Amino acid sequence: MNPVVKYFNGEKAESYIFILIGIIALATALYFILALKSSFWKGAAIPFIIVAWLEFVVGYTIVTRIPKDIARVETFIQKEPQSIKMLEIPRMEKVMSNFVIFRYVEIVLIILGIALMYSSMNDTFWRGIGLGLFIQASIVLCLDFFAERRGHIYLEYLNQLSNVN
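Here is a short report on the structure shown in this document. (Residues numbered from 1 in each chain as written. Predicted model: local features only at pLDDT ≥ 70, side-chain atom pairs only at ≥ 80, totals over all residues. Heavy atoms only, no water.)

**Here we look at the side chain of Arg-127**
With respect to the helices and strands, the residue Arg-127 is situated in helix H4 (residues 125–164). Here Arg-127 falls in the buried class, since its relative accessible area comes to 17%. Within the structure, the side chain of Arg-127 is placed 3.1 Å from the backbone oxygen of Ser-120, a separation counted as a polar contact. Apart from the residues lying within four places of it in its own chain, the contact partners of Arg-127 are Phe-40, Leu-116, Met-117, Ser-119, Ser-120, Met-121 and Asn-122. (Helix = DSSP H or I, 4+ residues; strand = E, 2+ residues; numbered from the N terminus. Buried < 20%, exposed > 50% of the residue type's maximum accessible area, 1.4 Å probe, protein only. Polar contact = N/O pair within 3.5 Å; in protein donor to acceptor, adjacent residues only side chain to side chain. Contact = heavy atoms within 4.5 Å.)

Here is the structure:
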């Protein structure tokens, strides 16, 4: 399979997973609020709602952008090979550096979630927020791990391509 199409299709597939997880998280948060009704579960619902919204928006944005991205990079390869080096490689390097930032933010949110979960022995609102942060940040960290790995492979391909041209 064409490495460009493979990379962007992987991005698209993971974005659908992001959207699905966002929908599940939102439904779970609504269940916490409407059925369980305790302050602990209302606290857990807050990060679920916030991160679900982000998962949905990011996933949807990527899914709708993929066809244009494939066409753009294919055009670079076929008609403007210098654009790989001038545009696509710097874009991907920025994406990869963003993954490092995201990773640290997600790890901080996981640690904050753990700290909040163990801040009280009672089922408090803040313990609920901690549980929600821990779960959502852990899920996003795992998904970003695979996206970053896929990005490294794609960037390596682009670098090989630019060295040939």
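Text resumes after the structure shown.
**Looking at the pattern of salt bridges**
Throughout the structure, instances matching the rule amount to seven salt bridges. In this structure, the salt-bridge partner of Glu-88 is Arg-72, at a minimum N-O distance of 2.5 Å. Of this pair, Glu-88 sits in helix H3 (residues 82–117) while Arg-72 sits in helix H2 (residues 39–79), and the two are 16 residues apart along the sequence. For Glu-88, a relative accessible area of 0% corresponds to the buried category. Here the salt bridges share partners, and the residues they tie into one network are Glu-11, Arg-65, Asp-69, Arg-72, Glu-88 and Arg-91. (Salt bridge = Lys/Arg side-chain N within 4 Å of Asp/Glu carboxyl O.)

**Structural notes on a nonpolar patch on the surface**
Taken together, the side chains of Ile-23, Ile-46, Ile-50, Trp-53, Leu-54, Phe-56, Val-57 and Tyr-60 define a hydrophobic patch exposed on the protein surface, amounting to about 780 Å² of accessible area. The dominant element in the nonpolar patch, judged by the number of residues it contributes, is H2, at seven residues. Inspection of the secondary structure assignment puts Ile-46 in helix H2. The class for Ile-46 is partly exposed, based on a relative accessible area of 36%. (Patch = residues over 30% accessible without salt bridge, like charges linked within 9 Å, V, L, I, M, F, W, Y side chains within 5 Å. Areas by Shrake-Rupley, 256 points an atom, 1.4 Å probe, with all protein chains shown as cover.)

**So, the nonpolar core**
Nonpolar side chains tend toward joint burial in soluble globular proteins. Phe-8, Val-73, Ile-84, Met-92, Tyr-154 and Leu-158 are the most contacted members of the largest nonpolar core, which has 18 residues in total. Secondary structure elements with two or more residues in this core: helix H1 (3–36), H2, H3 and H4. Grouped together as the second largest cluster of nonpolar side chains are seven residues, Ala-25, Ala-29, Ala-45 and Phe-48 included. (Core = buried A, V, L, I, M, F, W, Y, C linked by side-chain atoms within 4.5 Å.)

**Quick word on the layout of surface pockets**
Leftover empty space is mapped by rolling, across the atoms, a probe with the size of a water molecule. The calculated volume of the largest pocket comes to roughly 740 Å³. Along its surface, the largest pocket is lined by 27 residues, and Phe-18, Val-58, Phe-99, Phe-102 and Asp-144 are the ones closest to its centre. Of all the secondary-structure elements, those providing two or more residues to the lining of the largest pocket are H1, H2, H3 and H4. The greatest single-element share of the lining of the largest pocket, amounting to eight residues, is contributed by H3. Classifying every residue of the lining of the largest pocket by side-chain character gives 15 nonpolar, four polar and eight charged. Of the pockets and cavities examined, the second largest pocket occupies roughly 170 Å³. Lining of the second largest pocket is provided by Pro-3, Lys-6, Tyr-7, Arg-150, Ile-153, Tyr-154 and Tyr-157. If one sorts the elements of the lining of the second largest pocket by residue count, H4 sits on top with four residues. Residues belonging to the lining of the second largest pocket are distributed by class as follows: five nonpolar, no polar and two charged. (1 Å grid on protein atoms, 1.4 Å probe; cavity = no way out; pocket = protein on both sides within 12 Å on 5 of 7 lines; lining within 4 Å. Points joined across faces, edges and corners; volume = space filled by probe spheres on them. Nonpolar A, V, L, I, M, F, W, Y, C, P; charged D, E, K, R; others polar.)

**With respect to the packing of H2 against H4**
Interaxial distance between H2 and H4 falls to 6 Å at its minimum, and their mutual angle equals 15°. It follows from the interaxial angle that H2 and H4 lie roughly parallel. In terms of crossing hand, the pair formed by H2 and H4 is left-handed. Here the contact of H2 with H4 is composed, by residue class, of 20 nonpolar, five polar and three charged. (Axes fitted to C-alpha atoms, helices over the stretch in contact; angles between N-to-C directions. Parallel < 35°, antiparallel > 145°, perpendicular 65-115°, else oblique. Left-handed = near helix turned anticlockwise from the far one by under 90°.)

**Some remarks on the packing of H1 against H4**
Relative orientation of the contacting elements H1 and H4 amounts to 170°, with a least axis distance of 10 Å. Accordingly, the angle class assigned to the pair H1 and H4 is roughly antiparallel. Mapping the contact onto sequence places Pro-3, Val-4, Tyr-7, Phe-8, Gly-10, Glu-11, Glu-14, Ile-17, Phe-18, Ile-21 and Ala-25 in H1 and Gln-136, Ile-139, Val-140, Leu-143, Asp-144, Phe-146, Ala-147, Arg-150, Gly-151, Tyr-154 and Tyr-157 in H4. The residue makeup of the contact of H1 with H4, split by class, is 15 nonpolar, three polar and four charged.

Everything listed here is a matter of geometry and, on its own, says nothing about what the molecule does.
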